[in-house]
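Residues per chain are reported as follows:
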Amino acid sequence: MSQSQSFLSLPNAPVESADALILPVPYERTVTYKPGTRQGPAAILAASDQLEFYEEDAGWCPTEYLKLAVLPSVDVDFLSEQAFHDHLHEHVKKLPGDNLLIALGGEHSVTPEMVFARMPQGGTVVQIDAHADLRPAYHGSIYNHACPMNRIRQREYELIQIGIRSLHANEAELIAQDKAITTYFDRTLQRPAIWERMIQQLASLQGPVWLTIDMDGFDPALIAGVGTPQPGGLSWHQGVEIIETLMGNEDIDICGVDILELVPEPSRVSDMMGAKLVQKCLSFWGKARGFHKGAANGSQIGVDDE
Ligand SMILES: [Mn+2]
């Protein structure tokens with residue numbers, strides 16, 4: 001476990017003064033198909049070294065103004081699943097607030113405790129995913145990566161699912177019955193009117209919001225590096241539009257983002273996509289909150305980028 005990981009190879013700001021925290025959570029215990037997601041956070045950070053400081057969509061260099069801190073990886077070495085999840089909760093609860101938290105996984109089971117710790121007042125979870133992840137238990141455990149959104153609903157968070165294309169009949173029934181779950185199935189999103197309705201819903205959200213990005217929500221032709229691939233899925237530009245819409249909505253308080261289930265692969269396309277998703281979040285979030293009008297004292301100041 002590296003103790004000095006960084007994003008864009010930039011020096012890490014002190015945690016207390018950082019505008020954005022990046023938290024590696026290399027947890028892999030319950031995955032069922034292709035292993036390797038424990039390597040996800042390190043691969044995303046390594047790929048970030050190849051990004052430009054300039055972010056072309058919002059048209060600025062986020063790190064010219066934002067101070068970043070990549071935190072040491074969360075300890076994942078526990079005897080029981082519950083012990084790990086309890087630890088994760090306490091760990092995240094101790095982090096300073098009033099910043100953008102971006103967690104890097106690791107498997108999808110890590111989302112609920114981070115949401116509970118960071119968003120205790122309730123709110124909305126927006127989930128990009130191929131799978132509904134609404135099983136009450138799987139292989140005998142509520143902590144399985146097939147279950148996190150069920151745990152979210154048990155605590156009464158509203159749930160918006162985007163890109164779903166694989167689920168159990170019981171999950172389909174739950175979606176049909178539960179008024180607090182809005183599910184945009186992948187195939188219906190191919191219709192421009194449905195896509196637009198989804199974007200309008202995100203643009204009109206208010207209050208605390210958590211964005212959880214399971215990388216398998218994207219088209220596996222684009223990103224092969226996921227543990228449980230499914231045909232279909234979001235395009236890169238659709239994913240960016242979702243992030244831009246949420247981060248640019250000033251009526252919502254982004255309590256956190258997680259980018260999960262990456263399994264690094266030799267082409268590094270998937271790793272780069274994870275890194276660029278982090279950069280898009282930083283850029284749209286920072287621009288919408290006016291950092292570009294503040295002092296240029298971000299992490300890249302004094303760093304040679306030629
Ligand atoms: Mn998932």
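In this text the structure is predicted, and so the values were computed from the model without any measurement.

Undergrad: Looking at this structure, I do not really get helix 4 (residues 111-118). What am I missing?
TA: Each α-helix winds once per 3.6 residues, and so residues spaced three or four apart point in a common direction. Among the residues of helix 4, Thr111, Pro112, Glu113, Met114 and Val115 are the ones counted as buried. The inward-facing, buried residues of helix 4 contact helix 3 (81-93), strand 3 (100-105), strand 4 (124-128), helix 5 (148-154), strand 7 (207-214) and strand 8 (252-260).

Undergrad: For this particular structure, what's the right way to read the sheet that holds strand 1 (residues 20-25)?
TA: In spatial order, the strands read 2-1-3-8-7-4-5-6; together these eight strands make up an open sheet with parallel pairing. Here the strands that pair on one side only, and so sit at the sheet edges, are strand 2 (68-70) and strand 6 (181-185). For this sheet, the mean angle separating the axes of adjacent strands, direction not counted, is 15°. Seen against the sheet, helix 8 (residues 236-247) touches strand 4, strand 5 (158-164), strand 7 and strand 8 and runs at an angle of roughly 165° to strand 4.

Undergrad: Mind showing me how you'd approach helix 8 here?
TA: Taking 1.5 Å of rise per residue, the 12 residues of helix 8 would be expected to cover 16 Å, and the 16 Å separating its terminal C-alpha atoms lies within 8% of that figure. Listing the buried residues of helix 8 in full gives Gln238, Gly239, Ile242, Ile243, Glu244, Leu246 and Met247. Lining the buried residues of helix 8 we find strand 4, strand 5, helix 7 (192-203), strand 7, strand 8 and helix 9 (269-288).

Undergrad: For this particular structure, what's the right way to read the packing of helix 3 against helix 4?
TA: The packing of two helices is summarised by the inter-axis angle and the distance between the axes. Relative to each other, helix 3 and helix 4 sit at 35°, their axes nearing to 8 Å. At the point where helix 3 passes helix 4, the crossing takes the right-handed sense. Contacts between helix 3 and helix 4 pair His85, Leu88, His89, Val92 and Lys93 from the former with Glu113, Met114, Phe116, Ala117 and Arg118 from the latter. A class-by-class count of the residues in the contact of helix 3 with helix 4 yields five nonpolar, two polar and three charged.

Undergrad: Help me understand the nonpolar core, please; the structure alone is not making it clear to me.
TA: Looking at soluble globular proteins, one finds that nonpolar side chains tend to be buried together. Within the largest apolar cluster, 82 residues are counted, with the highest numbers of intra-cluster contacts made by Ile22, Ile102, Val278 and Cys281. The element contributing the most residues to this core is helix 9, with eight residues. Contacts of Val278, omitting those with residues within four sequence positions, involve Phe7, Ile22, Ile44, Ser48, Ile102 and Ile259.

Undergrad: How do you make sense of the packing of helix 1 (residues 40-48) against helix 9 when you look at a structure like this?
TA: Relative orientation of the contacting elements helix 1 and helix 9 amounts to 75°, with a least axis distance of 8 Å. Taken together, the axis directions place helix 1 and helix 9 in an arrangement best described as roughly perpendicular. Contacts between helix 1 and helix 9 involve Ala43, Ile44, Ala46, Ala47 and Ser48 from the first element and Asp271, Met272, Gly274, Ala275 and Val278 from the second. Its residues placed into classes, the contact of helix 1 with helix 9 shows seven nonpolar, two polar and one charged.

Definitions and limits used
Residues numbered from 1 in each chain as written. Predicted model: local features only at pLDDT ≥ 70, side-chain atom pairs only at ≥ 80, totals over all residues. Buried ≥ 20, exposed ≤ 12 C-beta atoms within 10 Å, placed from the backbone. Helix = DSSP H or I, 4+ residues; strand = E, 2+ residues; numbered from the N terminus. Contact = placed C-beta atoms within 7 Å. Pairing = 2+ DSSP bridges. Axes fitted to C-alpha atoms, helices over the stretch in contact; angles between N-to-C directions. Expected span 1.5 Å × (residues − 1). Left-handed = near helix turned anticlockwise from the far one by under 90°. Nonpolar A, V, L, I, M, F, W, Y, C, P; charged D, E, K, R; others polar. Core = buried A, V, L, I, M, F, W, Y, C linked by C-beta atoms within 7 Å. Parallel < 35°, antiparallel > 145°, perpendicular 65-115°, else oblique.

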